[in-house]
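Descriptive structure summary
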Amino acid sequence: MTAAHLAPLVADAFAAARAWFASQGFTPFAFQEAAWRAYAEGRSGLLHAPTGMGKTYAALVGPLALGVRGETNRPPPLTVLWLTPLRALAQDTTLALARAAQALQPHWSVGVRTGDTPTSERARQDRRLPTILVTTPESLSLMLSRADWRERFAHLACVVVDEWHELMSTKRGVQVELALARLETNTPELRIWGLSATLANLEDARACLVGPAHAAHASVIEGIVPKDIAIDTARPPTIERFPWGGHIGLKLLPQVIRAIENARSTLIFTNVRSATEIWYRALLDARPDWAGQIALHHGSLEREVRDFVEDGLRTNKLRAVVCTSSLDLGVDFAPVDQVLQIGSPKGVARLLQRAGRSGHRPGAVSKITVVPTQALELVEAAAAREAAQNRAIEPRTPLRAPIDVLVQHLVTCALGGGFRPTELLAEVRTTHAYAALGDDEWQWALDFVAHGGASLNAYPEYRRVVIGDAGIAQVPDRQIAYRHRMQIGTIVSDSSIVVHLRNGRRLGHVEESFIARLSPGDCFVFAGRVLEFLRVREMTAWVAPAPAKSAVVTRWLGAKMPLSTLLSERVRRLVAEAKRGRYDSPELALVRPLLELQRRWSALPDEREWLCERMKLRDGHYAFFYPFEGRLAHLGLATLFAYRLSRATPRSFSLMINDYGFGLRAAEPFELGLRDIGTLLAAPDVESDILAGLNAAELGRRQFREIARVAGLVFQGYPGQPQSNRQLQASSGLLWDVFSEYDPQNRLLAQATREVLERQIEAPRLEAALARMRRARAIVTTPSRPTPFAFPLVVELFREKLTTEALEARVARMVADLEKAAGV
């Protein structure tokens, strides 16, 4: 159909969309209509707008308005595929899409397919997919492993990738890139749209989404409708001049309770699941009359529990919900009045994403209050608000050519009707992640799935793909096919133990490593309850309700989030302002006594300086360094400095790290003048020195477990019979040893080392920090006692050796002595 013939149809279709908006009491924003027009022109693109501004309907109305009408008894085939990063979002997204479809395309069907979809619904979809399907990256890859996927996706017109910023810098994002390239090969006119709320590098995001070759022709549409965000901080009545991680703890609980009392609905975000459990129990202990009015929500709870909480938010039945990131994405519910953030958000994008859960509708003000858990988080909160007001947010760095994801994709494609290697190579190179994939890398991956590489070719289970006489690669073994489909995806976590009450009710799942530390009779907090551990049978922990008494809080292995690069830069700027005597924000005014004591006992660095403190304490000789670069980069710097200091004179160092700095402790004195600092910062051999100091072989072995799982080298077990962590580590460890000895050039070994550098010490950021420190002036001071900056690092050293009660007692004595020395 020509553009002239299409124009009236487009005008009519969009008029119907505007009428539907009007019936809901809304008028389309300019960016929404721009997206509709771009879709009508056949374009792909990226939609970037604040949370709650209507990105969903900006992306959906175009496909709905221009789609096939369908018939009453037979909806059109699959036309729109909607990818969501979280299963928790799928149901809410489906409801939102169904409302629009009912108004604009009443004969269209809408469905969802995730790991939570019942078997009966899957069977119905296997016969015929709905017109609009909401699914996850893993479920999409699983569908692409079917021999008939080309026919099932033959009429696909549009793919929408929701929350693209959450995916693009991860292996799941690479998995999506490969899947989109597969779909586009099948239907070249396919339009691909990504949705994002908090992203700085939009050009990179667009290229990752549609591929470098199509990026110039794809749209970037920004919803620049003003969105007011009010960012506040809960302020303790007094601030201790010697802070330590978590020292404020629950002291601000009364303020949190008052905030909840003064609002109709509140979301309380924490950064880790264990904090969610702690704050929920604390709120309930303080206000038992709120039982049934407050709830908790995190990814380890049973699906029915999370559904109940989400429904309570939609229907305004809950006064407050304590949650993790499980609710900071696009779950649709009635906008809450306010958001509380427990602890620093550690990043501006995360703060804005969570703030958007209040006032989650056009024109409403989003409100968020940061509740600090230690005094220096007040500086972080002030820095985050300043950055947000300047519309500065963090970029997301795309991944480049992870070999384990490529290996998995090759097996998936071989299952999905097979592939010709030269054709698939051309397809893979259309993605951003693999655009520069070399012929040698491709051939290695192909040989690896066909023969098991140089060291596994004698084992049939690793000869997964066979290239037949016709040149088509397929998977002939049914058992290999079944096991591959069982573990498609890139999400790898510690093995989980299902938690069952004695009466048989499932509460959720916890990590095996936590349960392994418990003995029968021990009590722990999970799902907002105090539970007594009874026994473990076949990866199930049987528990019973226990009276409220001393109990450990369930711990998960997720790493603490480091301070983002952007926030680190802003914090350094505020510290420099304090050095110049400027305390312009309420937060800085509150921590002024702390910062002034730091300047009196040692120094405050400005933007062109960095601080090093040397001191002799009763238990050893210390050196503290304050780059303000986040805990992961500091781990790398601490490792580098310790290795270089011990290279000339062998000695052992204890390491302490936090987001603001790091410390080294040795039993014997060590030299640390300006010349020595220059040696520590020297550019040559940084990466090799860090790897030597980190014991890279052991860290690489641990990281390899994830890579081996993604590449399909180890099997996680059958439903209800998962492999234990010990079994998985043993299997992957054996493969690591075999590759290291007999196939040292194995590309998966190199990937493990690269991921150790990138994930555990943020190597690119560390290099940038070293370069900045070389340019800056080092200030070396020799205080006689721990300064306000040094004190939290000293506490980190004690934390590893003492129980919570003993730690608090020890810290209280130290603080009393230091405050006495500091005077008024």
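Since the structure is predicted, the reported quantities are computational estimates derived from the model, not experimental observations. Sequence order as written defines the numbering, with residues in each chain counted from 1. The predicted nature of this model means local features are confined to residues of pLDDT at least 70 and side-chain atom pairs, given and counted, to a pLDDT of 80 or more, with totals for whole chains, interfaces and linings taken over all residues. As a rule here, side-chain values come from all non-hydrogen atoms in the structure, and water together with hydrogens is ignored.

1. Digging into the sheet that holds strand S10 (residues 294-297)
When DSSP finds two or more bridges between a pair of strands, those strands are recorded as paired. Labels follow the DSSP assignment, with helices taken as runs of H or I lasting at least four residues and strands as runs of E lasting at least two, numbered in each case from the N terminus. Strand order in the open sheet formed by 6 strands is S8-S13-S12-S9-S11-S10, and the pairing between neighbours is parallel. Where the open sheet ends on each side, the last strands, each with one partner, are strand S8 (229-233) and S10. On average, each strand axis in the sheet is inclined to that of its neighbour by 20°, with strand direction left out of account. Bridge count for strand S9 (residues 266-269) against strand S12 (residues 338-342) is 4 bridges, and the pairing is parallel. Bridge pairing in S12 places Phe 269 opposite Gln 341. Between N-to-C directions, angles cover 0 to 180 degrees, with each direction set by a line fitted to C-alpha atoms, over the stretch in contact for helices.

2. Regarding the side chain of Thr 187
For Thr 187, the location among the structural elements is in the loop between helix H9 (171-186) and strand S6 (191-196). For every residue, the accessible area (1.4 Å probe, protein chains only) is compared with the maximum for its type, and the residue is labelled buried under 20%, exposed over 50%, or partly exposed between those bounds. On the accessibility criterion, Thr 187 (10% relative accessible area) is buried. By the convention used here, residues are in contact when the closest approach between their heavy atoms is within 4.5 Å. Beyond its immediate stretch of four places on either side in the chain, Thr 187 contacts Phe 153, Ala 154 and Leu 156.

3. Describing the confidence of the model for the protein chain
Residue-level confidence of the predictor, termed pLDDT, takes values from 0 up to 100. In this model, the protein chain carries an average pLDDT of 88, and 92% of its residues clear a pLDDT of 70 or more. Per-residue pLDDT, averaged within each element of the protein chain, yields its smallest value for strand S27 (residues 721-722) (62) and its largest for helix H18 (residues 421-428) (98).

4. Quick look at the sheet that holds strand S5 (residues 158-161)
The strand order across the open sheet formed by 7 strands is S3-S4-S2-S5-S6-S1-S7, and the pairing between neighbours is parallel. What marks the edges here is a single partner per strand, and that holds for strand S3 (110-113) and strand S7 (219-222). Between one strand axis and the next, the sheet turns by 15° as a mean value, whatever way the strands run. As defined by bridge partners, S3 adjoins strand S4 (residues 132-135) across 4 bridges and the pair is classed as parallel. Bridge assignment links Gly 111 to a residue of S4, and that residue is Leu 133. Strand contacts of H9: strand S2 (80-83), S5 and S6, with the helix running at about 170° to S5, the strand carrying the most contacts.

5. Observations concerning the nonpolar core
Remark: nonpolar core denotes a set of buried residues (Ala, Val, Leu, Ile, Met, Phe, Trp, Tyr, Cys) joined through side-chain atoms within 4.5 Å. Ranked by size, the top nonpolar core spans 73 residues in total, and within it Leu 267, Val 321, Leu 595, Phe 624, Phe 789 and Phe 791 carry the most contacts. The greatest single-element share of this core, amounting to 8 residues, is contributed by helix H16 (residues 377-389). With 46 residues, the next largest nonpolar core counts Cys 413, Ala 481, Phe 704 and Leu 748 among its residues.

6. Considering the packing of aromatic side chains
Given two aromatic rings, one states the distance between the centres and the angle between the planes to describe the pair. Stacked, edge-to-face and tilted labels apply to pairs of Phe, Tyr and Trp rings (six-membered ring for Trp) whose centres lie within 6.5 Å, assigned for plane angles under 30 degrees, over 60, and everything in between, in that order. Counted under the stated rule, the structure contains 23 aromatic pairs. Between Trp 444 and Phe 448, the ring centres sit 4.8 Å apart and the planes meet at 15°, which makes this aromatic pair stacked. Note that Trp 444 and Phe 448 are positioned in helix H19 (residues 439-451) at a spacing of 4 residues, about one turn of the helix. For the pair Trp 444 and Phe 448, a shared accessibility class is recorded, and that class is buried. Members of the aromatic cluster, connected to one another through ring pairs, are Phe 14, Trp 20, Phe 21, Trp 36 and Tyr 57.

7. Here we look at the pairing of strand S18 (residues 523-526)
Of the two faces of S18, the one holding Cys 523 and Val 525 and the one holding Phe 524 and Phe 526 are both buried throughout. Linkage of S18 to strand S19 (residues 529-537), two consecutive antiparallel strands, is achieved through a turn of 2 residues, within which Ala 527 is found at a positive phi near 55°.

8. Details of the pattern of salt bridges
Whenever a carboxyl oxygen of Asp or Glu lies within 4 Å of a side-chain nitrogen of Lys or Arg, that contact is scored as a salt bridge. According to the stated counting rule, one finds 49 salt bridges in the structure shown. Its salt-bridge partner being Glu 577, residue Arg 582 comes within 3.2 Å of it at the nearest N-O pair. Of the charged contacts in the structure, one is a salt bridge between Arg 647 and Asp 689, with a shortest N-O distance of 3.3 Å. Here Asp 689 lies in helix H28 (residues 686-694) and Arg 647 lies in helix H26 (residues 631-648), a separation of 42 residues in the sequence.

9. A closer look at the environment of Arg 357
With respect to the secondary-structure elements, Arg 357 resides in the loop between helix H15 (348-355) and strand S13 (366-371). The exposure class of Arg 357 is buried, given its relative accessible area of 0%. C-alpha separation for the pair Arg 357 and Gly 115, spaced 242 residues apart in sequence, amounts to 26 Å.

10. Focus: helix H2 (residues 30-40)
Summarising burial for H2: 8 of the 11 residues are buried, a large majority. Along H2, the residues classified as buried are Phe 31, Gln 32, Glu 33, Ala 35, Trp 36, Ala 38, Tyr 39 and Ala 40. Looking one or two places after H2, you find Gly 42, whose phi comes out positive at around 85°.

11. Overview of unusual backbone geometry
One non-glycine residue, Lys 346, adopts positive backbone phi at about 70°. You can see Lys 346 is positioned in the loop between S12 and H15. On the accessibility criterion, Lys 346 (10% relative accessible area) is buried. At Ala 401, a position not held by glycine, the phi torsion is positive, near 50°. On the basis of relative accessible area, Ala 401 is assigned to the buried category, the value being 16%.

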